[in-house]
Amino acid sequence: MNETMVCVVGNVATQPVYRESPTGPTARFRLAVTARYMDREKNVWTDGHTNFFTVWARRSLATNVAASVAVGDPLLVQGRLKVRTEQRDGQGWLSADLDAAAIGHDLSRGTSAFRRSSRPEAQTGGTMQSEPNWETEPASRTREEAQPREEAEQPHAEPAGVT
């Protein structure tokens, strides 16, 4: 596969638009990514050029975007970059789309409360095992620990009746 996978960090610029279609749900929004640099003459951080990406989410990611993302949120988006050129009214237009594989809040700039989305019973197959609680359950013993060490644990004794 010759796809360009990227990870971009930016702010949500438009309210996500959620649509249900025969192929499944989709959501799209614009993400503003602004470069920042240190202006050494003024000794301050300065905003550089802003790039805008149209982010496309599909299926369960689209549903979760609609419930979790708002204008101004700082996000990280990983996905396939698709650059398109087209002619509109005699002018050439260039646009960059991200077909998102993963989207998350940028926790270096704030906090977020994660909630698992509920799935219908048919999707999970009906047999879900809970994950062990690693902090309270004892670790599994190694093979050596599981085998009894009779010789090392019991003091050496002569068989009965031998003097």
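In short, a report on the structure. Quantities reported herein were computed from a predicted structural model and do not represent experimental measurements. (Residues numbered from 1 in each chain as written. Predicted model: local features only at pLDDT ≥ 70, side-chain atom pairs only at ≥ 80, totals over all residues. Heavy atoms only, no water.)

Structural notes on the packing of aromatic side chains
Link 1 in the chain: Applying the stated criterion to the full structure yields 0 aromatic pairs.
Link 2 in the chain: The ring of Trp93 is capped by Arg88, whose NZ or CZ atom sits 4.7 Å from the centre of that ring. (Phe/Tyr/Trp six-rings, centres within 6.5 Å; stacked < 30°, edge-to-face > 60°. Lys NZ or Arg CZ within 6 Å of the ring centre and 35° of its normal.)

Considering the pattern of salt bridges
Side chains bearing opposite charge may pair, as long as their charged atoms lie close to each other.
Link 1 in the chain: Enumeration according to the criterion identifies 8 salt bridges in this entry.
Link 2 in the chain: In this structure, Arg36 and Asp47 form a salt bridge, with 2.7 Å as the shortest nitrogen-oxygen distance. One end of the pair, Arg36, is in strand 3 (residues 26-39); the other, Asp47, is in strand 4 (residues 44-58), with 11 residues separating them in the sequence.
Link 3 in the chain: For Asp47, a relative accessible area of 48% corresponds to the partly exposed category.
Link 4 in the chain: Its salt-bridge partner being Glu86, residue Arg84 comes within 3.5 Å of it at the nearest N-O pair.
Link 5 in the chain: Overall, the relative accessible area of 40% leaves Arg84 in the partly exposed class.
Link 6 in the chain: Among the charged side chains, a network of salt bridges with common partners joins Glu3, Arg58, Arg80 and Asp99. (Salt bridge = Lys/Arg side-chain N within 4 Å of Asp/Glu carboxyl O. Helix = DSSP H or I, 4+ residues; strand = E, 2+ residues; numbered from the N terminus. Buried < 20%, exposed > 50% of the residue type's maximum accessible area, 1.4 Å probe, protein only.)

Description of the environment of Arg36
Link 1 in the chain: Through-space distance from the C-alpha of Arg36 to that of His49 is 8.3 Å; in sequence the pair is 13 residues apart.
Link 2 in the chain: What Arg36 contacts, discounting residues up to four positions off in sequence, is Trp45, Thr46, Asp47 and Gly48.
Link 3 in the chain: Of the polar contacts made by the side chain of Arg36, one reaches the side chain of Asp47; its length is 2.7 Å. (Contact = heavy atoms within 4.5 Å. Polar contact = N/O pair within 3.5 Å; in protein donor to acceptor, adjacent residues only side chain to side chain.)

Remarks on the nonpolar core
Link 1 in the chain: Val8, Phe29, Leu31, Val55, Val65, Leu75 and Val77 are the most contacted members of the largest nonpolar core, which totals 18 residues.
Link 2 in the chain: Looking at this core, the elements with two or more residues in it are strand 1 (5-12), strand 3, strand 4, helix 1 (59-68), strand 5 (74-88) and strand 6 (91-105).
Link 3 in the chain: Examining the composition of this core, we find that 4 residues originate from one element, strand 3, more than from any other.
Link 4 in the chain: Here Val55 is in contact with Ala27, Arg28, Phe29, Leu31, Val77, Leu98, Ala100 and Ile103, once residues within four sequence places are set aside. (Core = buried A, V, L, I, M, F, W, Y, C linked by side-chain atoms within 4.5 Å.)

What about the pairing of strand 5?
Link 1 in the chain: The sheet contact formed by strand 1 and strand 5 spans 7 bridges and is antiparallel. Residue pairing across strands places Asn11 opposite Pro74, the latter belonging to strand 5.
Link 2 in the chain: Judged from the 14 bridges that link them, strand 5 and strand 6 form a sheet pairing that is antiparallel. Considered in strand 6, the bridge of Arg80 is made with Asp99.
Link 3 in the chain: Counted between consecutive antiparallel strands, the loop separating strand 5 from strand 6 contains 2 residues, among which Asp89 sits at a positive phi close to 50°. (Pairing = 2+ DSSP bridges.)

Remarks on unusual backbone geometry
Link 1 in the chain: Of note in the backbone geometry, Arg59 takes a positive phi value of approximately 55° without being a glycine.
Link 2 in the chain: For Arg59, a relative accessible area of 58% puts it in the exposed group.
Link 3 in the chain: For Asp89, which is not glycine, the phi torsion reads 50° and is therefore positive.
Link 4 in the chain: Within the element layout of this structure, Asp89 appears in the loop between strand 5 and strand 6.
Link 5 in the chain: Note on Asp89: relative accessible area 83%, which makes it exposed.

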